[in-house]
Structures are given as C-alpha cells and as structure tokens.
Amino acid sequence: MNKTLKLTRGKILIIISIILIIILIVVGANVIKKVTINKYKNFEEEIRIEAENYFVIKDFKLDNGEEIKVTLSELKKQNLISNDLKNKCDGYAIISSERDIYTNTYDINYRAYIKCGHIYSTPNYSEY
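Basis of the calculations
- Residues numbered from 1 in each chain as written.
- Predicted model: local features only at pLDDT ≥ 70, side-chain atom pairs only at ≥ 80, totals over all residues.
- Heavy atoms only, no water.
- Helix = DSSP H or I, 4+ residues; strand = E, 2+ residues; numbered from the N terminus.
- Buried < 20%, exposed > 50% of the residue type's maximum accessible area, 1.4 Å probe, protein only.
- Lys, Arg positive; Asp, Glu negative; His and termini not counted.
- Salt bridge = Lys/Arg side-chain N within 4 Å of Asp/Glu carboxyl O.
- Polar contact = N/O pair within 3.5 Å; in protein donor to acceptor, adjacent residues only side chain to side chain.
- Contact = heavy atoms within 4.5 Å.
- Expected span 1.5 Å × (residues − 1).
- Pairing = 2+ DSSP bridges.

Let us now look at the side chain of Glu 50. Within the secondary structure, Glu 50 is located in helix α1 (residues 9-58). No salt bridge is formed by the buried Glu 50, whose closest oppositely charged neighbour, Arg 48, lies at an N-O distance of 9.9 Å. Looking at Glu 50, its side chain comes within polar contact range of the side chain of Asn 53, at 2.9 Å. If we skip the residues at most four places from it in the chain, Glu 50 touches Leu 75, Leu 80 and Ile 81.

Printed below as a string of structure tokens:
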C-alpha cells in the first residue's frame, strides 16, 4: 500500500516538457497580441496621416482653439484609406488648432481614434 514517489528520468523529461510547452504558449500568445495591437496602431497612424491630407485637400481654415471631426467614412469616400481594417472598425480624426504653451502660438494637431469591436479601442475614443 505504501507507494514511494520515485522521479525517474522519464518523469523528469515529461515535467520539463510540460513546463516548456506552457512557456511557449504564453510567449506565443503575447507575441500574437503585440502584433495585433501594432496592426491597429498602424491603422490609427494611417487615419491621422490621411486626416492631414484631407485637411489640405478640403482647404479648411481653423480659428484659434477650433476643432473639427473627420469620420472614417468621410476619409473612405475620398479614397484616402487603404488599410484592410477600414471596413472592420469605426473611427474618426480630430483636427484642432491648439495653443502651444511654450511658444504661445497656435498649431494644427491631428489625432486619430478607432474602435474595432471588442478587440481594440483607442484610449479616449468617444462615440459622440
């Protein structure tokens, strides 16, 4: 009735193999998550850049402190977005004239926001 726990070479190899498999799964999942997040961040950057182009094309003029919102659908209508995520996500860009507190001048700033279901959302994304 008394069984002793003997660690044989085979048992040690199985334990090490299980530990290595678990580590590989965790590392692989983190790598996939980083690649996916980078894909969404690149899409945000594309929207930001294309909002700049849209601003130039439409020849907008902003008063000091003013901002406008350009939706992803408007950028798509202008054929400015080519990313595969354009049909899977909602988004917009905010173009604003903001005062630089150091130089006391107003500069045009572009910020992009996207929401892709429950997978990814830009911090401060708003559905207004």
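Moving on: α1. The terminal C-alpha atoms of α1 lie 73 Å apart, and with 50 residues this matches the ideal 74 Å at 1.5 Å per residue to within 8%. For α1, the set of buried residues is Tyr 40, Phe 43, Glu 44, Glu 46, Ile 47, Glu 50, Ala 51, Tyr 54 and Phe 55. Summarising the contacts, the buried residues of α1 are in contact with β1 (67-71), α2 (72-77), β2 (90-100), β3 (105-116) and β4 (120-121). Asp 59, located one to two residues past α1, shows a positive phi value of around 55°.

To continue, consider the pairing of β1. Burial along β1 is one-sided: Ile 68 and Val 70 are buried, while Glu 67, Lys 69 and Thr 71, pointing the other way, are not. When β1 meets β2, the two strands line up antiparallel, connected through five bridges. If you follow Val 70 over to β2, its bridge partner there is Ala 93.

The next point concerns the sheet that holds β4. Sheet architecture is open: four strands sit in the order β1-β2-β3-β4, paired in antiparallel fashion. Each having just a single partner strand, β1 and β4 make up the two edges of the open sheet. Summarising the sheet, β2 and β3 pair through 11 bridges and their orientation is antiparallel. Its bridge partner being in β3, Ile 95 is matched across the sheet by Tyr 110.

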